[in-house]
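Observations on the three-dimensional arrangement
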Amino acid sequence: MSRLASLPWTFLENDLESNKSSDLILDILKQTCLHSLCRKFPPSVRYRRLFLSELIRRQEAADCDPLDELYDALTDVVAAAETTECYKSYLLPCGDAVSLLENVAVISEGTTGLVTWEAALHLAEWTLDHRQSFTGRTVLELGSGVGLTGITVCRSCSPSRYVFSDCHPRVLQKLRDNVQLNGLTEQTSPSVSVEELDWTEVTEDRLKEIGANTVIAADVVYDPDIVGSLVTLLSKILRCSSAEILPEVLVCSTIRNPETYSSFKQQLRKRRLTTTRFGYCESVNKTLGSAIM
């Protein structure tokens, strides 16, 4: 699902001005609100209402022939009740879609983990270009949220096992629901599990039991109060791994507060952990030398 402002409205406007036909509008409608994916997993009522209203505005401004299907679709949406949850579907290059049930509000039920954040989108895209970091591996995701990145990896990158994790009870429940919604279970390939993982309490024995070859996290460097726990956990993961084959650790961040992010990097250096930058991602490594920026 794209932000309304990012949709190609100028292209639509130019096409309508040139031929005055509603055929393009009907085609757009069939690929969006009338599409089987949208009917099965409907986006928020507000989003659909704004989208259809904008389509109607553009059509009427171009003085095109009226399109009954367009007005019928808006009538259905106006009659629908607003809800606190909605579906969002993310299209994969293979043509499949990851559909997630998310909260409409950014902050709800005492957490920010019930919606997909920008860094998760970027990390999901990054994984599609770097499948070798996941193929045949056991992957542990920290702070999985509603599950976009992990489900993308499972559907497109062929890991042998994937461990989703979070700590908030409501987030864990929604995460389990979304994993199941996308057809992933312990019996499928890859084998997946959803686990409660408290960064301050997880033991080295538990981390050894998981045995992750790749560890990923998106948008977990946002609160100065949890940065220390995150760095301690990353250090513990690297410390309890085999000295010959250390796991690949990737952290993808949206830098909202430079001081918080700087604190994260500083605490990594204190633990003698280096970082290598890949766009939105940082690869965290164990070293005896100085940090790589």
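Rules used throughout
- Counting from 1, residues in each chain are numbered in the order their sequence is written.
- Given that the model is predicted, a residue must reach a pLDDT of at least 70 before its local features are reported, and side-chain atom pairs must reach 80 or more before they are shown or counted; all residues, however, enter totals for whole chains, interfaces and linings.
- Side-chain descriptors were evaluated using all non-hydrogen atoms of the structure, hydrogens and water having been removed beforehand.
- Only DSSP runs of H or I with at least four residues qualify as helices, and only runs of E with at least two residues qualify as strands; both kinds are numbered from the N terminus onward.
- Remark: exposure states derive from per-residue accessible area (1.4 Å probe, protein chains only) relative to the maximum for the residue type, with buried under 20%, exposed over 50%, and partly exposed in between.
- Here the accessible surface of atoms and residues is derived via Shrake-Rupley with a 1.4 Å probe, and residues count as covered only by protein chains that are part of the display.
- The axes used here are C-alpha line fits, helices contributing only the stretch in contact, and every angle between their N-to-C directions lies in the interval 0 to 180 degrees.
- We call two residues in contact when some of their heavy atoms are within 4.5 Å.
- When DSSP locates at least two bridges between a pair of strands, those strands are taken to pair.
- For patch detection, residues must exceed 30% relative accessible area and be free of salt bridges, and they are connected within 9 Å for like charges or within 5 Å for nonpolar side chains (Val, Leu, Ile, Met, Phe, Trp, Tyr).
- Definition used for salt bridges: Asp or Glu carboxyl oxygen within 4 Å of a side-chain nitrogen of Lys or Arg.
- In this charge count, Lys and Arg are treated as positive and Asp and Glu as negative; neither His nor the chain ends contribute.
- To locate a charge, the coordinates of NZ of Lys, CZ of Arg, CG of Asp or CD of Glu are taken.
- On a range of 0 to 100, pLDDT expresses the predictor's confidence in each residue.
- The handedness of a crossover follows from its direction of travel: if, with the strands pointing away from the viewer, the path from the first strand over the helix to the second runs clockwise, the crossover is right-handed.
- This arc corresponds to the set of directions leading from the helix axis out to the C-beta atoms.
- Stacked, tilted and edge-to-face pairs are distinguished by plane angle, under 30 degrees for stacked and over 60 for edge-to-face with tilted covering the rest, among Phe, Tyr and Trp rings (Trp via its six-membered ring) whose centres lie within 6.5 Å.
- The definitions used throughout rest on a 1 Å grid laid over the protein atoms alone, on which a cavity is an enclosed set of points accommodating a 1.4 Å probe that cannot get out and a pocket is an open set flanked by protein within 12 Å on both sides along at least five of seven lines; lining residues are those having an atom within 4 Å of a point.
- Grid points are joined across faces, edges and corners, and a volume is the space filled by probe spheres set on the points.
- Each residue is assigned to one of three groups, with Ala, Val, Leu, Ile, Met, Phe, Trp, Tyr, Cys and Pro labelled nonpolar, Asp, Glu, Lys and Arg labelled charged, and all others, Gly among them, labelled polar.

So, on to the overall build of the chain. Looking only at helices and strands, the chain has eleven helices and nine strands in total. Expressed as lengths along the three principal axes of its C-alpha atoms, the size of the chain is roughly 70 × 40 × 35 Å. The proportion of buried residues among the 293 residues of the chain is 46%. Accessible surface, the chain: about 14,800 Å² in total, of which carbon and sulfur atoms supply 50%.

Turning to the packing of helix H1 (residues 9–19) against helix H2 (residues 23–31), a few remarks are in order. Orientation of H1 relative to H2, taken along the N-to-C sense of each, is 145°, at an axis distance of 9 Å. Residues Phe11, Leu12, Asp15 and Leu16 of H1 form the contact with H2, whose own contacting residues are Leu24, Ile25 and Ile28.

Across the seven residues of strand S2 (residues 97–103), seven count as buried, placing the element largely inside the fold. Residues Ala97, Ser99, Leu101 and Asn103 point to one face of S2 and Val98, Leu100 and Glu102 to the other, with burial holding for every one of them. Examined bridge by bridge, strand S1 (residues 85–91) and S2 share seven bridges and lie antiparallel to one another. Residue pairing across strands places Lys88 opposite Leu100, the latter belonging to S2.

Time to look at a negative patch on the surface. On the surface, Asp68, Glu69, Asp72 and Asp76 cluster together into a patch of negative charge. With respect to the secondary-structure elements, Asp76 resides in helix H5 (residues 68–79).

As a further point, take the environment of Leu16. With respect to the helices, strands and loops of the structure, Leu16 is situated in helix H1. With 48 residues separating them along the chain, Leu16 and Cys64 place their C-alpha atoms 7.2 Å apart. Ignoring sequence-local partners within four residues, the contact set of Leu16 consists of Ser21, Ile25, Arg58, Gln59, Ala62 and Cys64.

Scored by pLDDT, the chain comes out at a mean of 91, with 95% of its residues at no less than 70. Low pLDDT (under 50) marks residues 288–293, which in the prediction has ten contacts with non-local residues, meaning those over four places away or in another chain.

Okay, the pattern of salt bridges next. Counting across every chain of the model gives 13 salt bridges. Its salt-bridge partner being Glu82, residue Arg49 comes within 3.2 Å of it at the nearest N-O pair. In this pair, Arg49 sits in helix H4 (residues 45–61) while Glu82 sits in the loop between H5 and S1, placing the two residues 33 residues apart along the sequence. Within this structure, Glu13, Glu54, Arg57 and Arg58 form a network of salt bridges that share partners.

In terms of burial, strand S4 (residues 161–166) is largely enclosed, as five of its six residues are buried. As paired elements, strand S3 (residues 138–142) and S4 share three bridges and run parallel to each other. Considered in S4, the bridge of Leu140 is made with Val163. Each parallel crossover has a hand, and for S3 linked through helix H7 (residues 148–156) to S4 it is right-handed.

Turning next to H1. Regarding H1, the residues found buried are Trp9, Leu12 and Leu16. Buried residues along H1 cover an arc of 60° about the axis, so they all sit on one side. Residues of H1 that are exposed and point more than 90 degrees away from the buried face comprise Thr10, Phe11 and Ser18. The elements touched by buried residues of H1 are H2 and H4. Once H1 ends, the next one or two residues include Lys20, with phi positive near 60°.

Before going further, it helps to examine the packing of aromatic side chains. Throughout the structure, instances matching the rule amount to four aromatic pairs. Note on Trp9 and Phe51: the rings are 6.1 Å apart at their centroids and 45° apart in plane angle, and the pair reads as tilted. Here Phe51 lies in helix H4 and Trp9 lies in helix H1, a separation of 42 residues in the sequence. Note on Tyr261 and Phe264: the rings are 6.0 Å apart at their centroids and 50° apart in plane angle, and the pair reads as tilted. Pair noted here: Tyr261 and Phe264 are both in helix H11 (residues 258–270), with a separation of three residues, about one helical turn.

Quick look at the layout of surface pockets now. In this approach the atoms are scanned with a rolling probe the size of a water molecule, which exposes any empty space left behind. In this structure, the second largest pocket occupies an estimated 680 Å³ of space. Along its surface, the second largest pocket is lined by 32 residues, and Thr112, Gly143, Asp166, Asp219 and Tyr222 are the ones closest to its centre. Sorting the residues of the lining of the second largest pocket by element identifies H7, S4 and helix H10 (224–239) as the ones contributing at least two each. Of the residues assigned to the lining of the second largest pocket, the class counts are 13 nonpolar, 14 polar and five charged.

With that settled, the discussion passes to unusual backbone geometry. Omega for the bond connecting Ser189 with Pro190 falls within 30 degrees of zero, at 5°, which places this linkage in the cis form. With respect to the helices and strands, the residue Pro190 is situated in the loop between helix H8 (169–181) and strand S5 (191–196). The backbone of Ser158 shows a phi angle near 55°, a positive value even though the residue is not glycine. Accessibility expressed as a relative area gives 48% for Ser158, which makes it partly exposed.

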